[in-house]
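Each chain is listed here by its residues.
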Amino acid sequence: MTNNERVIDVTDLRRVYGDTKQGPFEAVRGVSFSVGRGELFALLGTNGAGKTSTLELLEGLAAPADGQVRVLGHDPYTERDLVRPRIGVMLQEGGFPGELTVAETTRMWAGCTSGARPVDEALEMVGLGGRRTVRVKQLSGGEKRRLDLALALLGRPEVLFLDEPTTGLDAEGRQETWELVRRLRADGTTVLLTTHYLEEAEELADRLAILHEGRIAAEGTVDEVVAAQPSRISFELPDGYFVGDLPPLAPLGVSGHEVEGRTVRLRTDELQRTATGLLVWARDADVELRRLDVRGASLEEAFLRIARDAKTSAGAGDAAGASVPEKEMAG
């Protein structure tokens, strides 16, 4: 990716909060990544991983403690006047006056936006055209998220920041939002997305990063991140059989295993080879492998493995800081 193609460029980004009970807390710890024009990049992570803290630095809402951010070639904090008219931001919560109607809220926002879309166009894009006269306080949680998205799209942004955009939406609303995001990306809009929905990242992301305690633990396309995780096979041993009665596991491509009672769990990077060898052994031994579960690696597996690593390290030296909720930090 050349410099001209990099719409977002982040180098060794750090963010520190200094007013916590435990003292200064480093929420973002040396994060680096780039996002190309027309690309959708997803940031994943458990609560407190640093997603929103990173996103706010890219949006120019705060200055980094160290490192460099460039959005459309500019520092979004010190050169905010050059960046803000060209980006759209959808926060986790909009916080709009409840007494205003949907149309009034959108007109108010349009008045502060250069080259804003017509109000009706923005509302139709997110499926709120029929709710324009409804007061904001009467909207459902999902409808409020649609309104947040409409306002983020008012300025026809070149770069769109979406922080948990489909929280509160039903399945139909989520699918409609995905389709809208796909159309925007196809038109050349660059999108940076945070989400707790792994399916959302799998559906939309060109590339993604999984954050863990303020650092990037995995990055790449969905296929690249998934390929780094082993597949799994689990089953119950027949009565009278023990792990030692199984065929040698290493030649079958097994990289590790656990035993819990009668249940055996195998990890493998060669799923077909391992499954075939195991089933051939069961056939020849004339035994049934009860509760047999064979599944390939997945984004969920990658995410959960990193989450488990986080819990494992929770008692380490910086565990006190890692326990501070990110939302509290962002406040």
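Anyway, here's the lowdown on the structure attached to this text. Being a predicted model, the structure only gives us computed values, none of them experimental. (Residues numbered from 1 in each chain as written. Predicted model: local features only at pLDDT ≥ 70, side-chain atom pairs only at ≥ 80, totals over all residues. Heavy atoms only, no water.)

Observations regarding the packing of aromatic side chains
Here is the rule we go by: We call Phe, Tyr and Trp rings a pair once their centres come within 6.5 Å, taking the six-membered ring for Trp, and we label the pair stacked below 30 degrees between planes, edge-to-face above 60, and tilted otherwise. Secondary structure elements are taken from DSSP: a helix is a run of H or I of four residues or more, a strand is a run of E of two residues or more, and numbering for both begins at the N terminus. Burial status follows relative accessibility: with a 1.4 Å probe on protein chains alone, a residue under 20% of its type maximum counts as buried, one over 50% as exposed, and anything between as partly exposed.
According to the stated counting rule, one finds 3 aromatic pairs in the structure shown. Between Phe96 and Trp109, the aromatic rings sit 5.6 Å apart at their centres with planes inclined by 80°, giving edge-to-face as the arrangement. Highlighted residues: Phe96 in the loop between strand 5 (87-90) and helix 3 (102-110) and Trp109 in helix 3, separated in sequence by 13 residues. Of the residues examined, Trp109 reaches a relative accessible area of 32% and is grouped as partly exposed.

Focus: the pairing of strand 1 (residues 6-17)
Short version of the rule: At least two bridges found by DSSP between two strands is the condition for calling them paired.
As paired strands, strand 1 and strand 2 (residues 25-36) are joined by 9 bridges and run antiparallel to one another. Bridge pairing links Val10 to Phe33 in strand 2. In terms of strand pairing, strand 1 meets strand 4 (residues 66-71) through 5 bridges, oriented antiparallel. Paired with Asp9 across the bridge in strand 4 is Arg70.

Let's talk about the environment of Val69
Here is the rule: The criterion used for residue contact is that any of the two residues' heavy atoms lie within 4.5 Å.
Note on placement: Val69 falls in strand 4. Separated by 59 residues in sequence, Val69 and Val10 place their C-alpha atoms 4.7 Å apart. Val69 has contacts with Asp9, Leu13, Leu57, Leu58, His74, Asp75 and Pro76, leaving out every residue within four places of it along the chain.

Examining helix 1 (residues 51-58)
Owing to its 3.6 residues per turn, the α-helix brings residues three or four apart onto one side. Helix 1 sits mainly inside the fold: 8 of its 8 residues count as buried. Regarding helix 1, the residues found buried are Lys51, Thr52, Ser53, Thr54, Leu55, Glu56, Leu57 and Leu58. Within two residues after helix 1, Gly60 carries a phi angle of roughly 80°, on the positive side.

Focus on the pattern of salt bridges
To be explicit about the condition: Basic side-chain nitrogens of Lys or Arg form a salt bridge, by our definition, when they fall within 4 Å of a carboxyl oxygen of Asp or Glu.
Summed over the entire model, instances satisfying the criterion amount to 29 salt bridges. Measuring nitrogen to oxygen at the nearest pair gives 3.1 Å for the salt bridge that ties Arg232 to Glu301. Residue Arg232 is located in strand 10 (residues 231-236), and its partner Glu301 is located in helix 10 (residues 299-312); the two are separated by 69 residues in the primary sequence. A relative accessible area of 13% places Glu301 in the buried class. A salt bridge links Arg290 to Asp239; its shortest N-O distance comes to 3.8 Å. Of the two residues, Arg290 is situated in strand 13 (residues 290-295) and Asp239 in the loop between strand 10 and strand 11 (254-260); the sequence distance between them amounts to 51 residues.

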